[in-house]
There are 2 protein chains.
Amino acid sequence: MPPETLTPERILEATEEVLRRYGPAKATVVDVARALGVSHGSVYRHFRTKAALREAVTARWLDRTSRQLSVIVTEEGPAPERLDRWLTALFEAKRHKAGDDPELFATYMTLIGESGGVVDRHVTDLEAQLTTLIEAGVSQGAFHTPSPATTARAVFDATGRFHDPCYAAEWSRPGIAHDFDAVRDLVLRGLRS
Amino acid sequence: MPPETLTPERILEATEEVLRRYGPAKATVVDVARALGVSHGSVYRHFRTKAALREAVTARWLDRTSRQLSVIVTEEGPAPERLDRWLTALFEAKRHKAGDDPELFATYMTLIGESGGVVDRHVTDLEAQLTTLIEAGVSQGAFHTPSPATTARAVFDATGRFHDPCYAAEWSRPGIAHDFDAVRDLVLRGLRS
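Keep in mind that what you see is a predicted model, and the values were worked out from it rather than measured.

Describing the overall build of chain A
Right, so step 1: Looking only at helices and strands, chain A has 9 helices and 0 strands in total.
Right, so step 2: Reading the secondary structure of chain A in the N-to-C direction produces α-α-α-α-α-α-α-α-α.
Right, so step 3: The C-alpha extent of chain A, read off along each of the three principal axes, is 60 × 35 × 30 Å.
Right, so step 4: Scored against the burial criterion, the 193 residues of chain A give a buried share of 48%.
Right, so step 5: Of the contacts made within chain A by residues no fewer than 6 positions apart, 67% connect residues no fewer than 24 positions apart.

Things to note about the relation of the copies chain B and chain A
Two chain copies, one operation linking them: a rotation about an axis together with a shift along it.
Right, so step 1: Taken as rigid bodies, chain B and chain A are interconverted by a rotation of 180° and an axial shift of 0.0 Å, the fit giving an RMSD of 0.0 Å. The symmetry that links the two subunits is that of a two-fold axis.
Right, so step 2: Looking at the interface residues of chain B, 100% of them are also at the interface in chain A, so both copies use one shared face.

Topic: the packing of aromatic side chains
Right, so step 1: Under the criterion given, the structure shown has 13 aromatic pairs over all chains.
Right, so step 2: Between the aromatic rings of A:Phe162 and A:Phe180, the centroid separation amounts to 5.4 Å while the plane-to-plane angle is 80°, which identifies the pairing as edge-to-face. On the criterion of sequence distance, the pair formed by A:Phe162 in the loop between helix H8 (148–158) and helix H9 (176–192) and A:Phe180 in helix H9 is long-range, its members being 18 residues apart.
Right, so step 3: Ring centres of A:Tyr167 and B:Tyr167 lie 6.2 Å apart, and the angle between their planes is 50°; on these two criteria the pair is classed as tilted. Pair noted here: A:Tyr167 is in the loop between H8 and H9 and B:Tyr167 is in the loop between helix H8 (148–158) and helix H9 (176–192), and the two residues belong to different chains.
Right, so step 4: Ring pairs connect the aromatic residues A:Phe91, A:Phe162, A:Trp171 and A:Phe180, which therefore count as one cluster.
Right, so step 5: Over the aromatic face of A:Phe91 sits the side chain of A:Arg95, whose NZ or CZ is 4.6 Å from the ring centroid.

Observations regarding the UniProt feature "DNA-binding region" (unreviewed entry) in chain A
Right, so step 1: With numbering aligned to this structure, UniProt lists the feature "DNA-binding region" (unreviewed entry) at residues 28–47 of chain A.
Right, so step 2: Annotated as 75% helix and 0% strand, the span residues 28–47 of chain A places its first and last C-alpha atoms 13 Å apart.

Description of the UniProt feature "domain: HTH tetR-type" (unreviewed entry) in chain A
Right, so step 1: Mapped onto the present numbering, the UniProt feature "domain: HTH tetR-type" (unreviewed entry) falls at residues 5–65 of chain A.
Right, so step 2: Annotation note: span residues 5–65 of chain A, helix share 75%, strand share 0%, distance between end C-alpha atoms 27 Å.

Some points on the environment of B:Arg64
Residues and elements named next belong to chain B.
Right, so step 1: Tracing the backbone through its elements, the reader meets Arg64 in helix H4 (residues 50–74).
Right, so step 2: Of the residues examined, Arg64 reaches a relative accessible area of 30% and is grouped as partly exposed.
Right, so step 3: As for Arg64 and Ala93, which are separated by 29 residues in sequence, their C-alpha atoms are 9.2 Å apart.
Right, so step 4: Of note is the side chain of Arg64, whose polar atom sits 2.9 Å from the side chain of Glu16.

Focus: the state of the cysteines
Simply put, disulfide is the name for a covalent bond between the sulfur atoms of two cysteines.
Right, so step 1: All told, the structure shown has 1 disulfide over all chains when counted by the stated rule.
Right, so step 2: In this model, A:Cys166 is linked to B:Cys166 through a disulfide, with the two sulfur atoms separated by 2.3 Å. Taken together, the residues A:Cys166 in the loop between H8 and H9 and B:Cys166 in the loop between H8 and H9 connect one chain to another.

So, the domain arrangement of chain A
All names here are of chain A.
Right, so step 1: You can read the domains of chain A as domain 1 (1–48) and domain 2 (58–192).
Right, so step 2: Look at where the C-alpha atoms of domain 1 and domain 2 centre, and you get two points 31 Å apart.
Right, so step 3: Taken together, the contacts link 7 residues of domain 1 with 9 residues of domain 2.
Right, so step 4: The junction of domain 1 with domain 2 conceals about 740 Å² of combined surface from both sides, 54% of it contributed by carbon and sulfur atoms.
Right, so step 5: Summed over the three residues of domain 1 that lose the most area to domain 2, namely Glu16, Arg20 and Pro24, the buried surface amounts to 66% of that side.
Right, so step 6: Applying the counting rule to domain 1 against domain 2 returns 4 residue pairs in polar contact (both at pLDDT 80 or more).
Right, so step 7: Each residue belonging to the side of domain 1 that touches domain 2 can be placed in one class, and the counts come to 3 nonpolar, no polar and 4 charged.

Some words on the environment of A:Ala158
Right, so step 1: As for its placement among the helices and strands, A:Ala158 is situated in helix H8.
Right, so step 2: Not counting residues up to four positions away in its chain, the partners in contact with A:Ala158 are A:Val183, A:Val187, B:Asp157, B:Ala158 and B:Val183.

Quick notes on the interface of chain B and chain A
Right, so step 1: At the interface, 24 residues of chain B touch 24 residues of chain A.
Right, so step 2: Among the residues chain B hides against chain A, the three largest losses belong to B:Asp157, B:Leu186 and B:Arg189. Together they make up 30% of the total.
Right, so step 3: Along the contact surface separating chain B from chain A lie 4 salt bridges.
Right, so step 4: Close ionic contact of A:Arg161 with B:Asp157 constitutes a salt bridge, the shortest N to O distance being 3.6 Å.
Right, so step 5: Counting every contact that joins chain B to chain A gives 10 residue pairs in polar contact (both at pLDDT 80 or more).
Right, so step 6: Elements with a minimum of two residues in the side of chain B that touches chain A: H8 and H9 of chain B.
Right, so step 7: For the side of chain B that touches chain A, the class distribution of residues is 11 nonpolar, 6 polar and 7 charged.

Structural notes on the side chain of A:Thr159
All names here are of chain A.
Right, so step 1: Among the structural elements, Thr159 can be located in the loop between H8 and H9.
Right, so step 2: Taking relative accessible area as the criterion, Thr159 reaches 3% and is therefore assigned buried.
Right, so step 3: Here His163 takes part through its side chain, which lies 3.2 Å from a polar atom of the side chain of Thr159.
Right, so step 4: If we skip the residues at most four places from it in the chain, Thr159 touches Leu87, Val183 and Val187.

Rules used in this analysis
Residues take numbers from 1 onward in each chain, read along the sequence in its written order. All chains are assigned letters beginning at A, and all ligands numbers beginning at 1, according to the order in which they are written. This being a predicted model, a pLDDT of at least 70 is required before a residue's local features are given, and a value of 80 or more before pairs of side-chain atoms are given or counted; all residues contribute to the totals for chains, interfaces and linings. Only hydrogens and water are removed before side-chain values are computed, so all heavy atoms of the structure are retained for them. Helical segments are the DSSP runs of H or I of at least four residues, strand segments are the runs of E of at least two, and each set is numbered from the N terminus. The classification of residues rests on relative accessible area computed with a 1.4 Å probe and restricted to protein chains. Under 20% of the type maximum is buried, over 50% is exposed, and intermediate values are partly exposed. Note on contacts: a residue pair qualifies if any of its non-hydrogen atoms lie within 4.5 Å across the two residues. The least-squares superposition of copies is restricted to C-alpha atoms, and to residues with a pLDDT of at least 70 in both copies. To pair, rings of Phe, Tyr and Trp, with the six-membered ring standing in for Trp, must have centres within 6.5 Å; the planes then decide the type, stacked if under 30 degrees apart, edge-to-face if over 60, and tilted in the middle. Two conditions define a charge sitting above a ring: the NZ of Lys or the CZ of Arg must be within 6 Å of the ring centre, and it must be within 35 degrees of the ring normal. UniProt positions are given in the numbering used here, feature names are shortened, and annotations may be inferred rather than shown by experiment. Any pair of N or O atoms that falls within 3.5 Å is considered a polar contact. Within protein, one atom must be able to donate a hydrogen and the other to accept it, and sequence-neighbouring residues count only if both atoms are side-chain atoms. Any pair of cysteine sulfurs within 2.5 Å is marked as a disulfide. Here the bounds of each domain stem from an automatic or database domain assignment. What gets called buried area is simply the loss in accessible area from a 1.4 Å probe that two parts show on being joined, summed for both. Polarity classes work like this: nonpolar for Ala, Val, Leu, Ile, Met, Phe, Trp, Tyr, Cys and Pro, charged for Asp, Glu, Lys and Arg, and polar for all others, with Gly in that last group. Any carboxyl oxygen of Asp or Glu within 4 Å of a side-chain nitrogen of Lys or Arg constitutes a salt bridge here.

Below you can see the structure in the form of structure tokens.
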């Protein structure tokens, strides 16, 4: 059997596994290479530095959420209903990431602290999705705003309690779903008015 | 001249000063007593433990903001305009606390981490003020909600980016005033609709 080709995706998968096993303080590129049965030089051919590798694995982790949400943006249908689902799906995705594997979540929080740029791109991506949804709502006559991009940012900020990791500890609290509903309703009412 | 009476307020003032000078890790009740020229027993007659003293000084620091804001709640006038001023004043107060004396702010953040109950009471107090404003808006026919308390909490959550200390680093960013305006407008539109 020929050896599997060493793709960036395989390296990132192995990196996540190594991070999960050793934690962000101890995980090295040599550990990743060993897990893949290749030399560390082979890893460095795809990711020129350890920092670049860590940034790429963090971006991949964040992108999983963006990709899930982008499906809702490309669908047809009334924008208010899709925006509702989008906000709900964002909260769900973040809550699962924090709650299902708290150690991996803590690891990614450490990586995020190392490279702010990755998060900025993630936020830009999510705000762009929101802008598209709000523009759809405006052209359907359901939403009213002179600047969909400004309003998208306001919606993102106003719902921060339900997607910003600084609130992760609250997401398993009883009553959090009720709090989310109240904010989402207020935001949707603001957009419709 | 007779010695000044040792009041709780004087002890709390001295405690803040001692915390500012030595930091939360090193400040002791003995330091506070020394600053006041009294025995530490005299301090303990007012605050039974070091933890109680630290909690009281933190509550006092938070209450300064609540008291400022409560003036707006007791005024007459259209509720939307007062809610607007209330949210703006909350953001201003928090921003000043964080920006004018960053070391003292960091000290209080440490104290807050030690005693969650003080913050819970502060948030309850602010949400009660918001509830009163929203009830006023409902009786003026300006706001529409079946549950002012639920909506008050939603307004508080939706504006968290502009009062929750986990965002303090953002409050000196250019563009933050624009972001605040966008969220406040969205929230007010939601309440009016």
